[in-house]
Amino acid sequence: MHTPLCRHATGEPGDYARRALEVGLTEIGFSDHSPMRQDGFDDWRMRFDQLDEYVESVRKAQKDFPQLTIRLALEVDYLPGQEDWIRALAARHPWDYFIGSVHYVSDNWAVDNPSKLSEWTHRDAFEVWSVYFDRLTRAAETGFFETIGHADLPKKFGHRPTHDCTPLYEQFLTAAMKHDCAIELNTAGLRKDCREIYPSREILQLAFQKGVPITFGSDAHAPEEVGMNFAEAIQLAREVGFKECCRFAARKRDRTRL
Ligand SMILES: [Zn+2]
Ligand SMILES: [Zn+2]
């Protein structure tokens, strides 16, 4: 879940917590977009000098809602070459978990950015998928992340390759399994043009076969999105065969029956 510090979400952490209680959740986690080494990298994340303020705002929600477990996390952008920066972020606060996300397939194109939608017209979808999953594989291999976010984000606007992508998925999920990294069922995809949970059933099936654990996220950017479509996500996970899911505290994984 996000906070207004990332400049494209609304509602304070307390509003998200209140909504979580309304929809019957017992545990939530804030994982706003991590700052980049250069603050001007893009305009949809907090500045580095706002990181402490972010942590404070989550701590305040923890104090105000003692009946709800609230985890402190970050959605960290993985770009090759950013390893030292991610290590520095990790050392700064006692995080519960890091979600490793790939949005950028090059330094100036995040595949999910609606203001860069026209970029898709001169890109080959399979090439985008290949770079994306290569970066996702490298993200899993760093061992920096408890879980990987929205594993097939390039489908957001409905672009899909005609090639078989199974080898890309296999490569990523093998890395995830080896490096003890979970993947999330992210219901935000249902609210986008692709109208599908991230990742697809095909990827989830492969993840199940390989023993990659799962977690759930609504990727809420507004309080009313907290826990949205979780029933559907749980049903999908069960249909694929998952019997348990995981959550994280102090960067350790804990398993729960599904
Ligand atoms: Zn966002
Ligand atoms: Zn994301």
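Higher on the page you've got the structure.
What comes next is a walk through the structure. Every chain is numbered independently, its residues counted from 1 as its sequence is written. Written order decides the labels, with chains lettered from A and ligands numbered from 1. Predicted model: local features are reported for residues with pLDDT of at least 70 only, side-chain atom pairs are reported and counted for 80 or more only, and whole-chain, interface and lining totals are derived from all residues. Heavy atoms throughout the structure, all of them, feed into the side-chain values; hydrogens and water do not.

Some details on the overall build of the chain
No. 1: Counting its regular elements, the chain contains seven helices and ten strands.
No. 2: Between the two quantities, the radius of gyration covers C-alpha atoms and the globule rule is 2.2 Å times the number of residues to the power 0.38. A compact globule built from 258 residues would reach a C-alpha radius of gyration of about 18 Å, and the chain, at 17 Å, matches this within 12%.
No. 3: Dimensions of the chain, computed from C-alpha atoms along their principal axes, come out at roughly 50 × 45 × 30 Å.
No. 4: Within the chain, the proportion of its 258 residues that are buried is 54%.
No. 5: Note on contacts: a residue pair is in contact if any heavy atoms of the two residues lie within 4.5 Å. Long-range contacts, defined here as pairs at least 24 residues apart, represent 73% of the contacts in the chain between residues at least 6 apart.
No. 6: Each accessible area value is a Shrake-Rupley result obtained with a 1.4 Å probe; residue values ignore everything except the protein chains displayed when judging cover. Accessible area of the chain: about 11,400 Å², with a carbon and sulfur share of 47%.
No. 7: We count Lys and Arg on the positive side and Asp and Glu on the negative side, and we leave His and both chain ends out. Charge positions are represented by NZ for Lys, CZ for Arg, CG for Asp and CD for Glu. Considering the chain, the positive charge centre built from 33 side chains and the negative charge centre built from 41 side chains are found 4 Å apart. For the purposes of this entry, the term helix denotes a DSSP run of H or I that reaches at least four residues, the term strand denotes a run of E that reaches at least two, and both are numbered from the N terminus. Under the scheme applied here, a residue whose accessible area is under 20% of the maximum for its type counts as buried, over 50% as exposed, and between as partly exposed, the area being computed with a 1.4 Å probe on protein chains only.

Side note on the coordination of the zinc ion (ligand 2)
No. 1: Coordination here is defined by N, O and S atoms within 2.8 Å of the metal (3.2 Å for Na, K and Ca), and since water is not considered, a site can look incomplete. Distances from the zinc ion (ligand 2) to its protein donors, namely E75 (OE), H103 (NE2) and H150 (NE2), fall within the range 2.0 to 2.2 Å.
No. 2: Going along the chain, you hit the donors of the zinc ion (ligand 2) in the pattern E-x27-H-x46-H.
No. 3: Taken as an interatomic distance, the gap from the zinc ion (ligand 2) to the zinc ion (ligand 1) is 5.5 Å. Pair noted here: E75 is in strand β2 (residues 69–77) and H150 is in the loop between β6 (147–148) and α5 (166–178), with a separation of 75 residues, a long-range link. Neither residue differs from the other here; E75 and H150 are each classed as buried.

Quick look at the coordination of the zinc ion (ligand 1)
Think of it this way: four donors in a tetrahedron around the metal ideally sit 109.5 degrees apart, and six in an octahedron ideally sit 90 or 180 degrees apart.
No. 1: Within the protein, the zinc ion (ligand 1) binds to H8 (NE2), H33 (NE2) and H221 (NE2); these donor distances fall in the range 2.0 to 2.1 Å.
No. 2: Here the donor residues of the zinc ion (ligand 1) are spaced in sequence according to H-x24-H-x187-H.

Notes on the packing of α5 against helix α6 (residues 201–210)
Each pair of packed helices can be described by the angle between their axes along with the distance between the axes.
No. 1: With their axes 10 Å apart at the nearest point, α5 and α6 run at an angle of 40° to one another. Between α5 and α6, the angle is such that the two are oblique. α6 is crossed by α5, and the crossing has right-handed handedness. Residues T166, Y169, E170, L173, T174 and M177 of α5 touch α6, and the partners they reach there are E202, I203, L206, A207 and K210.
No. 2: Broken down by class, the residue content of the contact of α5 with α6 amounts to six nonpolar, two polar and three charged. Every angle, taken between N-to-C directions, lies between 0 and 180 degrees, and every axis is a line fitted to C-alpha atoms, over only the stretch in contact when it is a helix. For this classification, under 35 degrees means roughly parallel, over 145 means roughly antiparallel, 65 to 115 means roughly perpendicular, and everything else is oblique. Helix crossings get a hand from a simple test, with the near helix turned counterclockwise from the far one by less than a right angle marking a left-handed crossing and a clockwise turn marking a right-handed one. Here the term charged refers only to Asp, Glu, Lys and Arg, the term nonpolar to Ala, Val, Leu, Ile, Met, Phe, Trp, Tyr, Cys and Pro, and the term polar to all other amino acids, Gly among them.

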